[in-house]
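As a plain string of letters, each chain reads:
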Amino acid sequence: MKVKKMAALILSMILAAGTLTACGSGGGEDVKENTASAPEEKEAVAEGDDGTVYQVTLAMPVNGPVDEKNDTLDYLNTLVPGLEIKVEGIEIGSYWDILNPRLASGEIPDIIHCHNDSMYTSYLSQGVLGGVSPELLKEYMPKYVKATEEYGIELWSLVLKDGMVYGLPIMSEAQTHPFTNAWRGDWLKAVGIDKVPETVDEYEEALTRFTFDDPDGNGVDDTYGTTLRGKDSTPYLFSSLFGAYGVFPSMWNLAEDGTLQYGIIDPRAKEALLKLNSWFKKGIIDPEFAGVDGSIRTEKWINSQIGMLSDSTYYEVNEGNSPCDNLKALTPEAEILRGPAPKGPNGDYGYINWSKYTNRIIFGKTLTEDEGKLKKVLQLLELMDTDPEVYNRLYYGKEGENWKRNEENMIVKIPPYSDPANCGALGTNIFKDGGIAPVPSVKAQTVSEKEPEQYKYAEEGTMVNGENYFGYLSKFISDDINTAYNAEADTLYKKNFIDFITGARSLDEYDAFVEEWLAAGGEAYTQAYNDCYKNVESIMAEAANIFK
Ligand SMILES: [Ca+2]
């Protein structure tokens, strides 16, 4: 029987509360909807060359205070003469709840940050959005278009319909290599292991010793090797272990006949489950894992209840993030090491990666209806997204006053601006939780020079490259198909995977489970996915053709 670390838990909760305050949701309703209007004084906004001042509205999700008059907005209004910009910073948790009724009533922002695929398809079909011709985009946003050529020109398929462009695809290189397992280096040393585990067998040995050899040296049997996100991320749970057997269960594989097949169909998924089931029986996986979500997982790590953080992002364990700072606040001697995905019996290994296709900035039809306004806004977006000086000013404030570069050449905020709660008057919270669509080179000059070292394991292995697994196709699948699949087949899949790991269902019945999944909607979904694959290929070809 494991002893619960009550004192540690309580301290963690206090720390978490402190972090919340520090992150500054700014206290409830005042951030619900911060409408930051341009200042009333007319001299703040210059007339454009056509003698007109166009009103422009940006809708952005925010998670911190944005004062009505703020420095970022004042600066934004100086960038392109003839634009008077209004920013609607809407609290991220209620973003769609607030936007949807407004759009339905015809109150449409000109620029909308869109991190929800189904909202995009829904707005598009409702006629809320406006399309821009690719020629106009190329003329007014040449640097942005050039950056997409380098990143992957097919990206435009995310915002393309019938030859018109309904927004900007956001480029996010970090999404193409996010995951890396993290280890407690001090625990490895304490149990006599002198290197970060690299194979399935070495993982098993370390997790076993973490469970039974008192790695924290307190004389109490109170630790496990690891926990898994059985509650909120079953399809991606310990994906690197599945990778060791050559298959990611919830990704798609191109079969020899040219069709896409869901990972769970591949019998190698069963091999990985057999291994996980044996580890569960051995007691080296947290027995509570079925109820563990992302935040409980992090809490167990912070409280030193587990020694390996699976499916962790490489940046999650950096200084400035809770899995690093809160762990070290409780256990100052804790050492965090990143490591490779476990190598399996046939030499396969690798972490899952999301694809390069991520979110969108979308255009309201109010923007595209007036070409004079549209041209100026495209110029504005070009400046915001491709000029590092403009980007840094909008996202961080003034150099030397609000931010500086550290020894790794990374942008760090100067206190008190490191706390978003103190940035209401500065206005930098406007773009902090969503933002516009900076090109990769602009984003790259803000991060640590050590980043490539931190994500190197995510790019290693035989299983890498998110595009190889077609997960991005769900961005193009209609809502009703996704909903129908999620209602039955996907629920059945998640329940059975947990049961196979715990042994509640025998893995002798794996083939029967696959049949049940197919019958419950898996087969129809596979067909829809394959149909989508064929369509998307032509949309991508069109995108590449238009923008080349
Ligand atoms: Ca112990």
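Whatever comes next refers back to the structure up there.
Reference entry: report on the structure contained in this document. Along each chain, numbering runs from 1 in the same order as the chain's sequence is written. The model is predicted, so local features are restricted to residues of pLDDT at least 70 and side-chain atom pairs to those at 80 or more, both for listing and for counting; the totals for chains, interfaces and linings are taken over all residues. To get the side-chain values, all heavy atoms of the structure are used, and hydrogens and water are removed first.

### Section: the overall build of the chain
Only runs of H or I of at least four residues qualify as helices and only runs of E of at least two qualify as strands under DSSP, and these elements are numbered from the N terminus. Counting secondary structure elements, the chain contains 19 helices and 16 strands. Radius of gyration: over C-alpha atoms. The globule rule applied is 2.2 Å multiplied by the number of residues raised to the 0.38 power. Against the compact-globule benchmark of 24 Å for 548 residues, the chain has a radius of gyration of 25 Å, which places it among compact chains. Its C-alpha atoms give the chain principal-axis dimensions of roughly 75 × 55 × 40 Å. The buried share of the chain, reckoned over its 548 residues, is 54%. The contact rule is simple, with two residues in contact once any of their heavy atoms fall within 4.5 Å. When contacts within the chain are restricted to residue pairs at least 6 apart in sequence, those whose partners lie at least 24 apart make up 77%. Here the open area of atoms and residues is found with the Shrake-Rupley method and a 1.4 Å probe, where only the protein chains shown may cover a residue. Carbon and sulfur atoms make up 50% of the accessible area of the chain, which amounts to about 23000 Å² in all. Side-chain charges in the chain split into 49 positive and 88 negative, and the spacing between the mean points of these groups amounts to 2 Å. Throughout, exposure labels follow a simple rule: accessible area from a 1.4 Å probe, protein chains only, divided by the maximum for the residue type, with under 20% read as buried, over 50% as exposed, and the rest as partly exposed. By the counting rule applied here, Lys and Arg register as positive and Asp and Glu as negative, while His and the ends of each chain are not counted. Every charge is mapped onto a representative atom, which is NZ of Lys, CZ of Arg, CG of Asp or CD of Glu.

### What to know about the coordination of the calcium ion
All of the protein donors around the calcium ion are D214 (OD), D216 (OD), N218 (OD1), V220 (O) and D222 (OD); their distances to the metal are 2.2 to 2.4 Å. Here the coordinating atoms are restricted to nitrogen, oxygen and sulfur within 2.8 Å of the metal centre, or 3.2 Å for Na, K and Ca, and because water is not among them the sites may look incomplete. Sequence spacing of the donors to the calcium ion: D-x1-D-x1-N-x1-V-x1-D. The exposure class of D222 is buried, given its relative accessible area of 6%.

### Focus: the packing of aromatic side chains
Between the rings of Phe, Tyr and Trp (Trp by its six-membered ring), a pair exists once the centres lie within 6.5 Å; its type follows the angle of the planes, with under 30 degrees stacked, over 60 edge-to-face, and the other angles tilted. Enumeration according to the criterion identifies 36 aromatic pairs in this entry. Ring centres of W96 and Y123 lie 6.2 Å apart, and the angle between their planes is 50 degrees; this geometry places the pair in the tilted category. With a gap of 27 residues between them, W96 in helix α3 (residues 95–104) and Y123 in helix α4 (residues 117–126) connect regions that are remote in the sequence. On the basis of relative accessible area, W96 is assigned to the buried category, the value being 12%. On the basis of relative accessibility, which here comes to 2%, the residue Y123 falls in the buried class. Joined through ring pairs, the aromatic side chains of F242, W252, Y262, Y485, Y493, F497, F500, Y510, F513, W517, Y525 and Y529 make up one cluster. Here, a charge over a ring is recorded when the distance from Lys NZ or Arg CZ to the ring centre is within 6 Å and its angle to the ring normal is within 35 degrees. We note R393 situated over the ring of Y75; from NZ or CZ to the ring centre the distance is 4.5 Å.

### Regarding the sheet that holds strand β9 (residues 224–226)
Between any two strands, pairing holds if DSSP finds at least two bridges. In space, the 4 strands of this open sheet follow the order β9-β12-β8-β13, with mixed pairing throughout. The sheet is open, and its two edges are formed by β9 and β13 (336–338), each paired on a single side. The mean angle between the axes of side-by-side strands here comes to 20 degrees, regardless of whether they run parallel or antiparallel. Bridge count for strand β8 (residues 182–184) against strand β12 (residues 306–309) is 2 bridges, and the pairing is antiparallel. What sits directly across from A182, in β12, is L309. Strands β8, β9 and β12 of the sheet are contacted by helix α8 (residues 200–212), whose axis makes an angle of about 145 degrees with β9. Axis lines are fitted to C-alpha atoms, over the contacting stretch for helices. Their N-to-C directions set the angle, which ranges from 0 to 180 degrees.

### Points about the pattern of salt bridges
The rule for a salt bridge is simple: a side-chain nitrogen of Lys or Arg has to be within 4 Å of a carboxyl oxygen of Asp or Glu. The full count for this structure, using the stated rule, is 28 salt bridges. Here E107 makes a salt bridge to R102, at a shortest N to O gap of 3.8 Å. Of the residues examined, E107 reaches a relative accessible area of 44% and is grouped as partly exposed. Across the pair K282 and E204 runs a salt bridge, and its minimum N-O distance is 2.8 Å. With K282 in helix α10 (residues 268–282) and E204 in helix α8, the pair connects residues that are 78 residues apart, well separated along the chain. Classification of K282 by relative accessible area gives partly exposed; the value is 36%. Residue classification places E204 among the buried residues on the basis of a relative accessible area of 17%. Several salt bridges converge on common partners, so that one network encompasses E88, R102 and E107.

### Observations concerning unusual backbone geometry
Backbone torsion omega between P415 and P416 reads 10 degrees, so that peptide bond is classified as cis. Take P416: it is sitting in the loop between β16 (411–413) and α16 (440–444). Of note in this structure, D162 is not a glycine but carries a positive phi near 50 degrees. Structurally, D162 can be placed in the loop between β5 (160–161) and β6 (164–165). For F238, which is not glycine, the phi torsion reads 45 degrees and is therefore positive. By the element assignment, F238 lies in the loop between β9 and α9 (239–243).

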